[in-house]
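# Structural description and commentary
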Amino acid sequence: MKQKNRSRVIACLLSGVLLLGTMSGCGSTETGKQEESKQTSAASQNASESSTEESVSEDKTPVYPLEGGTKLTMAMVENTVVSQRFENLMETPFGKAWQEATGVEIEILQVADNEAMNLIFAGGELPDLIWWNFDGYAGGASKAIKDKIIEPLNDYMEYAPDLQAVFDSKEAWSKGCKTNDGDIIGAPFLRGDDYLLTYTGMIIRQDWLDDLGLDAPQTPDELYDVLKAFKEKKGADVPFSTRTYQLQTIAVENGLFTSPFGLPKADWYQKDGVVHYGYAEKEYKDALAYLNKLYTDGLLDPNFQTNDDNTFRANIMNGNAGLVIDMVGGGMGTMLKTMEDDPSFDVAGLRSLVKNRGDIPMCTQYNNSVTGTYVVMTPTCKNKEVAAKFLNYGYTEAGHMLFNFGIEGTSYTMVDGYPTYSDYIMNNPDGLTKVEAMVEYTKAYDVGPFVQDRRYQEQYSNLPQQQAALSAWSDTDAAKYAMPSLTIPEEYLSEYSSLMGDIKTYISEMFIKYVTGLESLDTFESEYLNTLKSMGVDRAIEIKQKALDSFNAR
Amino acid sequence: MRNDKKSFGKRLGRDLKKYSGVYIMVLPVVIFYLLFCYKPMYGILIAFKDFSPAAGILGSDWVGFRYFKEFFHSYYFTRILKNTLVISLTSIIVGFPMPIIFALLLNEIKNQKFKRITQTISYMPHFISLVVVCSMIKMFTASNGFITYILSFFGGQDYSLLTRPGYFLPIYVLSGIWQEIGWGSIIYLAALSGIDQELYEAARIDGAGRWKQTLHVTLPGISGTIIIMLLLRIGNIMNVGHEKILLLYNPGIYETADVISTFVYRKGLQDYQWGYSTAVGIFNSIINFTVVMVFNKISKKVSEVSLW
């Protein structure tokens, strides 16, 4: 009898332990949810307390710091550069300064990635503000508005006069930040100058050019001869070393190599309001033929399909390559820093190729100044007027300086009217890189509810080679051909995305096949273009045209 | 016999009283399955809806079989289905016997120390992270990698092996065998130790050499384990691990490397197509389940072993 009882007790204990084990799976989310609801209810309590005070004053123009001690919750995706050293953005000196200047306390709801952000919406309890790029939401920002996740700012613009001034200053901005229905999505991150839109391009060993007495190549034939010289006279195994991403997405899709053949770029572009898709045009064949020639003659790295970024950077630094495609900061900056002890090593930026020497190239890597990242208000935000005033801060003079340069005296000083980053940022005593130091005091290196200032990039990429590269790369007509930030009208969205799914797979595959010669370019018209047509590329172009027309009509 | 006539409910009641400890022990497991495996099944509805996280599953619009149709009508449907089945079946046909053979060979080793060292070394690849393994594969098969170098003595190629569609299948299957052969042999070694030694003696007396002993004593002895492992393996026939393929493939070899899960992954990246990927997931599960059912029935008829 005793034995039976004992084994019963043990059985009960064991099953208790197992039960606890299974419950641990849902434990964290449950407590997380409890905390969330505590936070939001606390925030809404504070907000409702102060809203009664605010409605008494009825002053629409924001005066900072705002009175009333409002507390707002804001959801954002974790930025790993920030979270390496700080719990979240509000714990940085920048975050604290932002809250102090506006008089609004912000509680951050940090999520790991875009998927986690989507789960916040599924949870039902929305925070007051969301800092996000809604391209991560199925259907984009306009669907999010329809799904009652975003509250358009239209009715609250009177509380955000500085943001309104920003919209008024540039038509592309006021149109680009609205949906096709005219809803203002939120407080946008805007790149304030064309100078900030290009930061990737061709990088070439300048010291090799000097040694060989060659000019910077401008045409495809000149580049061919230079690469050949690199191979024969400098012993470069893979004179042009790169990766599929840089080769296809940057060089071809963004038009670094396509101007000489009469194609602005292989991606979507517009010419006088008419939409084109470069990948479906016959001039694309000539660009492919050129790359194929480089590949067959051993000038293009045969491992480009399996390389990663570090491979080609290593190649150009140790002399295996003379040309890469990379970014001004992370690429060129890193190379120059790593090789600073080698007096002979030097790199320079190369302009997009042209047909005849002296021509201006049509395109280059050129981002949209409207980036698609916004801080939006949600319909459940309890104090929308204060929220709108809060969002407005980044566009005021003081806010602009805070977001771009940080705290005067600590992270920057005004030298002859030019905001100059301090030594803490440019030459950090603890060996922090510029970005790591900037993380504490500004948001210029990332995104946010403000307009990015070109003087950030002028100092971030301050080496003479970097400055020269930025000039060379942006010497193009890219602005003429660029597509604005479009929204595909909702009724065509699923048709468009299912067409583009197959089309993009086919294009990527055929790109590799044509460049490596696995498929002969003789089949370009007969097979490639015809297959694209049968996949519905014309319909996709038609839909994109509708989107562009809606945009222009806004 | 009187027990049979009593109702199920009454029998259950008596069982509960008599073996209450056992039932309590299994209770957490049952709850686990109900909560984490059965309850989420209602998410299948997502495949038939234009899912929006804000509206929730019930609040989203119903679209019926749209995503299934989209999937079946895709230009690449036949290709990705073919690749999925080819990669999966080849992995099973070539890869499944390997741990068994390895276990049999290990079993023959007389020197215990050598046997244990070999076993431990063979387990190690299993613990290497997939990302590291794929980086290694990419390096070794690059145009200047050592595998390419060795192969060049037989063929004369000097290009990265992962750029030719024909090489993908062997690279995928062989690297999988290398990684799992040690770990996979554990269960067979355990089964081998369960074979009655007297059977071997009897076979030796009857004049059987080592090979005949293996055929007639060892293999039948572990056949139960082999069949169960095979059934479980077949139940995953459509789930070709997309992480490994994602890490190894590139657009140039889509024609043999692009499988259902990688195609849907790319599509999902573009527009967070919850409904589409759920629909494809259901398609996979239905095929997996059908295949397991069929093989289970065959297994029942042919041998005494089956999953249920």
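### Observations regarding the overall build of chain A
Each helix and strand counted, chain A has 23 helices and 13 strands in total. Overall size of chain A, expressed as C-alpha extent along the three principal axes, is 80 × 80 × 55 Å. For chain A, the share of sequence-separated contacts (at least 6 apart) that also reach a separation of at least 24 residues comes to 74%. Of the roughly 23,000 Å² that chain A leaves accessible, carbon and sulfur atoms contribute 49%. Here chain A holds 48 positive side-chain charges and 81 negative ones, and the gap between their average locations is 5 Å.

### Structural notes on the pattern of salt bridges
Residue and element names in this part refer to chain A. Throughout the structure, instances matching the rule amount to 26 salt bridges over all chains. Taking the shortest distance from any N to any O, the salt bridge between Asp475 and Arg351 comes out at 3.0 Å. Here Asp475, found in the loop between helix H19 (464–474) and helix H20 (478–481), pairs with Arg351, found in the loop between strand S9 (347–350) and strand S10 (370–377); they are 124 residues apart in sequence, far enough to count as distant.

### Remarks on the nonpolar core
Residues and elements named next belong to chain A. Counting residues in hydrophobic clusters, the biggest one holds 125 residues, and the most contacted among them are Phe257, Tyr284, Leu294 and Tyr528. Looking at which element gives the most residues to this core, the answer is helix H21 (residues 490–516), with 12 residues. Leave out the neighbours within four places in its chain, and Tyr284 touches Val252, Leu263, Ala266, Gly278, Tyr279, Phe511, Phe524 and Tyr528. Membership of the second largest hydrophobic core comes to 63 residues, among which are Trp98, Met117, Phe134 and Ala187.

### Remarks on the environment of Ile101(B)
All names here are of chain B. Within the secondary structure, Ile101 is located in helix H7 (residues 97–108). Its relative accessible area of 43% is what places Ile101 among the partly exposed residues. Each C-alpha atom, one on Ile101 and one on Glu255, is 32 Å from the other, the two residues being 154 residues apart in sequence.

### Description of the packing of aromatic side chains
In the structure shown here, the tally under the stated rule is 54 aromatic pairs over all chains. Judged by centre distance (6.2 Å) and plane angle (85 degrees), the ring pair of Phe71(B) and Tyr276(B) falls under edge-to-face. Of the two residues, Phe71(B) sits in helix H5 (residues 66–72) while Tyr276(B) sits in helix H17 (residues 274–302), which places them 205 residues apart along the sequence. Grouping residues by exposure puts Phe71(B) and Tyr276(B) together as buried. An aromatic cluster of three or more residues is present, and its members are Trp268(A), Tyr277(A), Tyr279(A), Tyr284(A), Tyr496(A), Tyr506(A), Tyr514(A), Phe524(A), Tyr528(A), Tyr75(B), Tyr76(B) and Phe263(B). The aromatic ring of Tyr67(B) is capped on one face by Arg66(B), whose charged end is 5.6 Å from the ring centroid. The residue whose ring lies beneath Lys244(B) is Tyr172(B), and the NZ or CZ to ring-centre distance is 4.8 Å.

### Structural notes on the interface of chain A and chain B
Each partner contributes to the interface: chain A provides 40 residues, whereas chain B provides 41 residues. Linking chain A with chain B are two salt bridges. As a salt-bridge pair, Lys513(A) and Glu255(B) come within 2.5 Å of each other at their nearest N and O atoms. For the pair chain A and chain B, the interface holds five residue pairs in polar contact (both at pLDDT 80 or more). Those elements that provide at least two residues to the side of chain A that touches chain B are helix H1 (2–57), helix H4 (114–123) and H21 of chain A. A class-by-class count of the residues in the side of chain A that touches chain B yields 17 nonpolar, 15 polar and eight charged.

### Focus on the confidence of the model for chain B
Low-pLDDT portions of the prediction should not be read for the details of their coordinates. Residue and element names in this part refer to chain B. Per-residue confidence for chain B gives a mean pLDDT of 85, with 95% of residues at or over 70. Within chain B, helix H8 (residues 112–127) carries the highest mean pLDDT (92), whereas helix H1 (residues 2–5) carries the lowest (56). In the model output, the complex is listed with pTM 0.78 alongside ipTM 0.72.

### Regarding unusual backbone geometry
All names here are of chain A. Here the residue pair Tyr64 and Pro65 is connected by a cis peptide bond, since its omega of -5 degrees sits within 30 degrees of zero. Mapped onto the secondary structure, Pro65 falls in the loop between H1 and strand S1 (71–77). Notably, Asp272 is not glycine yet its phi reads approximately 55 degrees, a positive angle. Mapped onto the elements of the fold, Asp272 is located in the loop between strand S6 (268–271) and strand S7 (274–277). A relative accessible area of 77% means that Asp272 is categorised as exposed. A positive phi angle is found at Asp416, which is not glycine, with a value near 55 degrees. Within the fold, Asp416 resides in the loop between strand S11 (412–415) and strand S12 (418–421).

### Quick look at the sheet that holds strand S8 (residues 323–327) of chain A
Residues and elements named next belong to chain A. Pairing is antiparallel across the open sheet formed by three strands, whose spatial order is S8-S5-S9. The open sheet terminates on both sides in strands that have one partner only, identified here as S8 and S9. Pairs of neighbouring strands in the sheet enclose a mean axial angle of 40 degrees, with direction left out of account. Note: strand S5 (residues 200–205) against S9, four bridges, orientation antiparallel. Note on S9: the bridge partner recorded for Met202 is Leu350.

### With respect to a nonpolar patch on the surface
Judged by side-chain polarity, Val26(B), Val29(B), Val30(B), Phe32(B), Tyr33(B), Leu34(B), Leu35(B), Phe36(B), Tyr38(B), Met41(B) and Ile44(B) come together as a nonpolar surface patch covering roughly 970 Å² of accessible area. Its location among the elements puts Tyr33(B) in helix H3 (residues 20–38).

### Observations concerning the state of the cysteines
Residue and element names in this part refer to chain A. Evaluation of the coordinates by the stated rule reveals zero disulfides over all chains. Its sulfur unpaired, Cys381 is 19 Å from the next cysteine sulfur, which belongs to Cys177. The class for Cys381 is buried, based on a relative accessible area of 4%.

### A short note on helix H22 (residues 523–534) of chain A
Residues three or four positions apart in an α-helix share a direction because the helix packs 3.6 residues into each turn. All names here are of chain A. Across its 12 residues, H22 extends 15 Å between first and last C-alpha, which sits within 8% of the 16 Å expected from 1.5 Å per residue. All of the buried residues in H22 are Thr523, Phe524, Tyr528, Leu529, Thr531 and Leu532. What you see down the axis of H22 is that its buried residues fit within an arc of 155 degrees, all on one side. Along H22, the residues that are exposed and aim more than 90 degrees away from the buried face are Lys533 and Ser534. Residues of H22 that are buried in the fold lie against helix H11 (284–296), H21 and helix H23 (537–553). Trailing H22 by a residue or two, Gly536 shows a phi angle of about 95 degrees, which is positive.

### Description of the pairing of S8(A)
Residues and elements named next belong to chain A. Counted residue by residue, S8 has four buried out of five residues, so it is predominantly covered. Relative to S8, S5 is paired through five bridges, and the arrangement is antiparallel. From the neighbouring strand, Ile203 faces S8, where its bridge partner is Val324.

Reading the values: the criteria
- By convention here, each chain's residues receive numbers from 1 onward along its written sequence.
- For naming, the first written chain is A and the first written ligand is 1, with later ones following in the order written.
- Only residues with pLDDT of at least 70 get local features here, since the model is predicted, and only at 80 or more are side-chain atom pairs given and counted; chain-wide, interface and lining totals rely on the full set of residues.
- Processing note: side-chain calculations cover all non-hydrogen atoms of the structure and skip hydrogens and water entirely.
- Helix and strand labels come from DSSP, where a helix needs a run of H or I of at least four residues and a strand needs a run of E of at least two; each type is numbered from the N terminus.
- The contact rule is simple, with two residues in contact once any of their heavy atoms fall within 4.5 Å.
- Computed with the Shrake-Rupley method and a 1.4 Å probe, the accessible areas treat only the protein chains shown as cover for residues.
- Within this scheme the basic residues Lys and Arg register as positive and the acidic residues Asp and Glu register as negative, but His and the chain ends are omitted.
- All charge positions are set by atom: Lys at NZ, Arg at CZ, Asp at CG, Glu at CD.
- Any carboxyl oxygen of Asp or Glu within 4 Å of a side-chain nitrogen of Lys or Arg constitutes a salt bridge here.
- Side-chain atoms within 4.5 Å link the members of a nonpolar core, which is a set of buried Ala, Val, Leu, Ile, Met, Phe, Trp, Tyr and Cys residues.
- Exposure is judged per residue with a 1.4 Å probe applied to protein chains only, and the accessible area is read against the type maximum: over 50% gives exposed, under 20% gives buried, and values in between give partly exposed.
- For this analysis, a ring pair means two rings from Phe, Tyr or Trp (six-membered ring only for Trp) whose centres lie within 6.5 Å, classed as stacked if their planes differ by under 30 degrees, edge-to-face if by over 60, and tilted for the remaining angles.
- Charge-over-ring contacts are defined here by two conditions on Lys NZ or Arg CZ: a distance within 6 Å of the ring centre and an angle within 35 degrees of the ring normal.
- Polar contact is the term for a pair of N or O atoms within 3.5 Å; when the atoms are in protein, one must be able to donate a hydrogen and the other to accept it, and sequence-neighboring residues count only if both atoms are side-chain atoms.
- Here the nonpolar group is Ala, Val, Leu, Ile, Met, Phe, Trp, Tyr, Cys and Pro; Asp, Glu, Lys and Arg are the charged ones; every other residue, Gly included, is treated as polar.
- Scored between 0 and 100, pLDDT is the confidence that the predictor attaches to each residue.
- In this analysis, strands are considered paired if DSSP registers two or more bridges between them.
- Every axis corresponds to a line fitted to the C-alpha atoms, with the helix fit spanning only the stretch in contact, and the corresponding angles, defined between N-to-C directions, vary from 0 to 180 degrees.
- The patches described consist of residues with a relative accessible area above 30% and no salt bridge, like charges being joined within 9 Å and nonpolar side chains (Val, Leu, Ile, Met, Phe, Trp, Tyr) within 5 Å.
- Here, two cysteine sulfur atoms that lie within 2.5 Å of each other are counted as a disulfide.
- Take the number of residues in a helix, subtract one, and multiply by 1.5 Å to get its expected span.
- Here, the arc refers to the directions that run from the helix axis to the C-beta atoms.

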